[in-house]
Each structure stands twice: as structure tokens, then as C-alpha cells.
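# Understanding the architecture of this molecule
Chain by chain, the residues run as shown.
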Amino acid sequence: MSRLQRLRNKLTTRDLPCDVWLIMAAIALAGLGWVMVSSASIGLLEDTYHYSRQHGIFLVLAILACVFMLCVPLEVWRQNAALILLATIFLLVLVLIIGQEINGSKRWIALPGPLPSLQVSEFAKIGLIFYMAAFMSRFTYDLRRRAFSMWRPLAVLAVPAGLLFLAPDFGGMVVFTVCVIGMLMMSGASLFLLVGSGALLGSGAVMMVVIEPYRLARWTSFLDPWADQFATGYQLTQALIAFGRGHVTGTGLGNSVQKLHYLPEAHTDFIFAVIAEELGMIGAIMVVLLFTLFIARAMWVGRKAELAGHLFGAYVSYGIGFVVAAQAFINMAVSSGLLPTKGLTLPLMSYGGSSLLVTGVMVGLLLRTDAETRHRPRRASTPYKSRYEPRLS
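Criteria and thresholds
Residues numbered from 1 in each chain as written. Predicted model: local features only at pLDDT ≥ 70, side-chain atom pairs only at ≥ 80, totals over all residues. Heavy atoms only, no water. Axes fitted to C-alpha atoms, helices over the stretch in contact; angles between N-to-C directions. Helix = DSSP H or I, 4+ residues; strand = E, 2+ residues; numbered from the N terminus. Parallel < 35°, antiparallel > 145°, perpendicular 65-115°, else oblique. Left-handed = near helix turned anticlockwise from the far one by under 90°. Contact = heavy atoms within 4.5 Å. Buried < 20%, exposed > 50% of the residue type's maximum accessible area, 1.4 Å probe, protein only. Pairing = 2+ DSSP bridges. Phe/Tyr/Trp six-rings, centres within 6.5 Å; stacked < 30°, edge-to-face > 60°. Nonpolar A, V, L, I, M, F, W, Y, C, P; charged D, E, K, R; others polar.

### Section: the packing of helix H3 (residues 50–71) against helix H15 (residues 353–374)
Helix-helix packing is described using two parameters, namely the angle between the two axes and the distance between the axes. One can describe the packing of H3 onto H15 by two numbers: an axis separation of 7 Å at closest approach and a directional angle of 30°. Classed by the angle they form, the pair H3 and H15 counts as roughly parallel. As for how H3 packs across H15, the hand of that crossing is right-handed. Taking contact as the criterion, the partners of His 55, Phe 58, Leu 59, Leu 61, Ala 62, Ala 65, Cys 66, Met 69, Leu 70 and Cys 71 in H3 are, on H15, Gly 353, Leu 356, Leu 357, Gly 360, Val 361, Val 363, Gly 364, Leu 365, Leu 367 and Arg 368.

What follows is the structure, encoded as C-alpha cells:
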């Protein structure tokens with residue numbers, strides 16, 4: 001037996017009851033996120049540990065949501081996928097009417113009493129993933145054999161994406177689009193049409209940047225943030241200063257200067273910059289590797305489910321993998337100056353009840369898919385056929 005084969009046998013989770021690598025990655029990201037939120041939020045309020053306590057409560061709720069999703073069969077979500085999507089679309093419409101407007105965008109619905117605000121777009125991700133997974137698991141044959149059948153899920157995508165455009169939530173639109181295009185790619189849809197659709201959507205994104213002055217200002221400040229470092233380029237320049245101060249090993253946990261009212265949203269949108277400052281390049285690379293492990297295991301769970309014939313679970317896992325990958329990449333790229341500023345949280349790490357709760361739901365769905373797949377025999381037929389494929393007489 002080769003050395004590579006022996007290493008693979010040691011790392012495999014085939015004989016284990018669950019995917020321990022997925023669980024370890026999620027726990028490591030969530031634990032590190034709690035520590036960094038506690039550090040980044042010091043001094044923001046008179047109550048020093050307010051955000052730390054709130055984040056701890058959100059983590060407990062996310063764990064409970066994960067356990068709940070782990071206990072519910074995926075068939076329940078498949079049968080109610082259309083209803084769940086309609087409910088999330090209703091919430092997206094509702095937030096445009098009664099939502100709180102913060103920084104020029106309506107994304108939150110205020111709940112009564114001490115309850116935190118609800119960010120509707122986070123829950124819409126789950127509804128979209130469920131519907132697309134149900135559609136693709138049912139019409140896998142059509143998607144792979146009839147090229148233009150892919151326009152049906154793209155037409156459904158246009159509804160929540162259009163509502164996010166009205167919010168406006170440009171970052172959410174990008175995440176939704178990446179999710180659906182990625183799921184279509186994994187379902188075997190026409191690559192030529194996918195590339196064409198991507199080019200068309202990209203052209204539309206450019207037009208949206210050009211017609212809105214604030215988006216154009218963000219783009220020009222992204223290209224040269226130091227040209228207007230106290231106005232449109234302020235967030236990015238402060239984030240870059242945090243990266244510069246971190247060097248290789250960082251300034252030490254709790255020793256960030258940028259979080260002291262210099263870097264806006266240090267505990268949410270720009271928490272990766274605080275990580276880079278306090279933990280240095282080593283800490284930043286560690287976070288990237290943990291996200292890489294999490295996303296790789298999500299895609300692997302999806303691949304095993306597909307091979308076992310569990311197509312709905314497979315596409316749910318693929319959708320979750322693409323959502324987490326898109327959101328994590330955009331957040332870290334914005335913090336490091338690779339993309340224009342967008343208001344997206346870092347999954348499992350940034351402060352935010354809605355984001356943590358939905359990510360906990362996603363982890364539970366991945367674990368449920370993995371558990372159901374381990375109790376299924378490996379499918380003998382070819383991967384592209386589904387139980388809905390018409391039989392030849």
C-alpha cells in the first residue's frame with residue numbers, strides 16, 4: 001500500500017457515523033468567530049461585553065437550529081420547497097414596506113421587545129436552495145439533455161434577485177446568483193448557456209454600477225482608496241491599515257487599534273481585517289484554510305449523496321457550499337481590497353443573529369444529508385439519471 005493510500009485511509013470518514021472534518025471546521029470557525037467578535041466589539045458600548053453575550057446567545061440558537069435540522073428528514077423540506085420559497089419571497093416584499101432603512105438599504109424587519117432585527121435575505125437563501133434542489137432533483141434528465149430547460153430556474157431566481165435590487169442589496173444578489181449558477185453547473189446543465197448567462201448577468205451588474213452614483217463612487221474608491229481616504233475610501237483604507245499593522249504574527253489578541261472607532265463595522269463586515277491585525281498573516285491564512293475545508297467537505301457530502309442517488313440532498317449540499325464560498329470570498333476580498341465594499345457578513349464568524357442562525361441551519365442540513373447518504377447503498381446506475389427520468393419502452 002502506498003504512503004498516499006495509507007494517509008487517505010487515516011483521514012477518511014467512511015467508517016465514522018458522521019463527517020467529523022465538517023463538524024471540526026464549523027466548530028473552529030464559530031469558536032474563533034466568538035473570540036474575535038468579543039475582541040472587535042470592546043469599547044463600542046459602555047457595556048464592554050454586550051456584543052460578546054449577544055453573540056453567545058446567537059451561537060446557542062444556531063446550535064439548536066442545527067440539531068433541529070439534523071432531526072428532520074430532507075423529504076419534508078423537498079415536499080414543502082415551493083411553499084418555503086413563497087414565504088421567503090413574501091418576507092422580501094414585506095421588508096420593502098415595513099423594513100428598517102439602515103445606510104440607505106432596507107434589509108431588516110424590527111421584531112417587538114428585546115428581540116433582534118430579522119435580516120430577511122439570510123432566510124431567503126434557504127428557501128432558494130430548497131426550491132432549486134427540489135427542481136433539479138426532479139428534472140435532472142431535462143437539465144442535462146434539454147439545454148434551454150435551465151431558463152426555468154433562472155426565471156425563478158429573477159424574483160428574489162429583483163426584490164434584493166429594490167432593497168438595495170447588491171451583495172445579496174451576487175450570492176444568490178452564484179448559488180443558482182453553481183447548482184446548475186453541478187446538475188450538468190449546458191456549460192455554454194451558463195457562460196452566456198453569466199456574461200449577461202455580468203453586463204447587467206456593470207450597468208447597475210454605472211447608473212447608481214453611490215455604486216460608481218464605491219467602484220472608483222476601490223480602484224484608488226487613498227485618493228479620497230476620508231470619504232468614499234475610508235473603510236477600505238482603514239482595513240488596509242489593519243492588514244499592514246498585523247504583519248506575519250499579528251499585534252496580539254485584543255491589541256487591535258483599528259477596532260477603536262477607526263474601522264467601521266469591525267465586528268461584522270470587517271471582522272476579517274481585525275483578525276489579520278491581531279492574529280497576523282498566520283491567523284488570516286488559518287481562517288482561509290478553515291473555510292476551504294468546510295466548503296470542500298460540503299461539496300464532498302453533495303458528491304457522495306449524488307452517487308447514492310439522493311439527488312435532493314446532493315443539490316442542497318452543493319447550494320450551501322456555493323453560498324458559503326461566495327459570501328466568505330466576497331467578505332474577505334472586500335476587507336483586503338480585492339473587491340469594492342459590500343455589506344456581507346463572514347459566515348460563522350461575524351456578529352449577527354440572522355446570519356448565525358441560517359448558517360447553523362445549513363450545517364444541520366449538511367449533516368442530515370451525510371447521515372441519510374450513509375444509510376443508502378451506492379447507486380448502480382449512471383449519475384445523471386434520476387427516478388423521475390421517463391422509462392424507454
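The rest of the description comes next.
### Points about the environment of Ala 124
With respect to the helices, strands and loops of the structure, Ala 124 is situated in helix H6 (residues 120–138). What makes Ala 124 buried here is its relative accessible area of 2%. In the structure, Ala 124 is positioned 36 residues away from Pro 160 in sequence and 7.9 Å away in space, judged by C-alpha atoms. Here Ala 124 is in contact with Thr 88, Leu 92 and Phe 176, once residues within four sequence places are set aside.

### Topic: the sheet that holds strand S2 (residues 105–109)
A sheet is described by the order of its strands in space; here 3 strands give the open sequence S1-S2-S3, paired in antiparallel fashion. Edge positions in the sheet fall to strand S1 (100–102) and strand S3 (118–119), since each of these pairs with one other strand and no more. Where S1 meets S2, 3 bridges bridge the pair, whose relative direction is antiparallel. Following the sheet pairing, Ile 102 is matched in S2 by Ser 105. Contacts between helix H5 (residues 81–98) and the sheet are confined to S1 and S2, with S2 contributing the most and set at about 110° to the helix.

### Overview of the packing of aromatic side chains
Tallied over the full model, the rule gives 7 aromatic pairs. Pairing Tyr 51 with Tyr 351 gives two aromatic rings, centres 5.0 Å apart and planes at 90°, and the pair type is edge-to-face. Here Tyr 351 lies in the loop between helix H14 (311–335) and H15 and Tyr 51 lies in helix H3, a separation of 300 residues in the sequence. Assigned by exposure class, Tyr 51 and Tyr 351 land together as buried. Here the aromatic rings of Phe 135 and Phe 139 are separated by 5.0 Å at their centres, their planes lie at 40°, and the arrangement is tilted.

### Regarding the side chain of Gln 119
Tracing the backbone through its elements, the reader meets Gln 119 in strand S3. Ignoring any residue separated from it by four or fewer positions in sequence, one finds Gln 119 in contact with Arg 107, Trp 108 and Ser 354.

### Considering the packing of helix H12 (residues 234–246) against helix H13 (residues 271–307)
Between H12 and H13, whose axes approach to 7 Å, the crossing angle comes to 20°. The pairing of H12 with H13 is recorded here as roughly parallel in orientation. In this structure, H12 meets H13 at a crossing whose hand is left-handed. Contacts from Ala 239, Ala 242, Phe 243, Arg 245 and Gly 246 of H12 reach H13 at Phe 272, Ala 273, Ala 276, Glu 277 and Gly 280. Along the lines of polarity and charge, the residues of the contact of H12 with H13 split into 6 nonpolar, 2 polar and 2 charged.

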